[in-house]
Amino acid sequence: MADNLSQPFDKSAMTEEEKRQISKEIRKQIVVFALMIFLTIMSFLAVGADIIPRSFAIPFILLLAVIQFALQLIFFMHLKDKDHSWATAFMISGIFITVPTIAALMLLIGVVKY
């Protein structure tokens, strides 16, 4: 009765087009992952090796962090896909609430003296 369970299937349930799409998506995610590793290495080198001036180090690292954040949202949280409008709306509203809150707290604590 269970003799044929160890044998592979003759055909996959996916079409050739679906297999190509999945393969293309996997390649994109690997490239984006490698890019994010490269951005992380760049930020470590910028601080550790004194490649860039100290006055530009923090804005440079923050720029790299924003790029990584956007890549993670788009590719690894699948916000680029269709039917993710509610998730996208909640992410954007969370960003618009978080950024002013952090800025206000920094001003109250005295980290930024303006």
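Look up: the structure comes first, before these words.
Let me begin by describing the structure that accompanies this report. (Residues numbered from 1 in each chain as written. Predicted model: local features only at pLDDT ≥ 70, side-chain atom pairs only at ≥ 80, totals over all residues. Heavy atoms only, no water.)

## Details of the environment of glutamine 68
As a reminder, the rule being used: Note on conventions: DSSP H or I runs of at least 4 residues are helices, E runs of at least 2 residues are strands, and numbering of each starts at the N terminus. Side-chain atoms alone can form a polar contact between residues adjacent in sequence; in general such a contact is a pair of N or O atoms within 3.5 Å, and within protein one must be able to donate a hydrogen while the other accepts it.
Within the element layout of this structure, glutamine 68 appears in helix H2 (residues 54–76). Taking the C-alpha atoms as reference points, glutamine 68 and methionine 36, separated by 32 residues in sequence, lie 6.0 Å from one another. A polar side-chain atom of glutamine 68 sits 2.7 Å from a polar atom in the side chain of threonine 40.

## A short note on the packing of aromatic side chains
For any pair of aromatic rings, the description consists of the separation of the ring centres together with the inter-plane angle of the planes. To be explicit about the condition: The aromatic pairing rule takes the rings of Phe, Tyr and Trp, using the six-membered ring of Trp, and pairs them if the centres are within 6.5 Å, calling planes under 30 degrees apart stacked, those over 60 edge-to-face and the rest tilted.
Counted by the stated rule, this structure contains two aromatic pairs. The interplanar angle of 40° and the centroid separation of 6.0 Å between the aromatic rings of phenylalanine 56 and phenylalanine 60 together place this pair among those described as tilted. Placement of the pair is phenylalanine 56 and phenylalanine 60 together in helix H2, with a separation of four residues, close to one helical turn.

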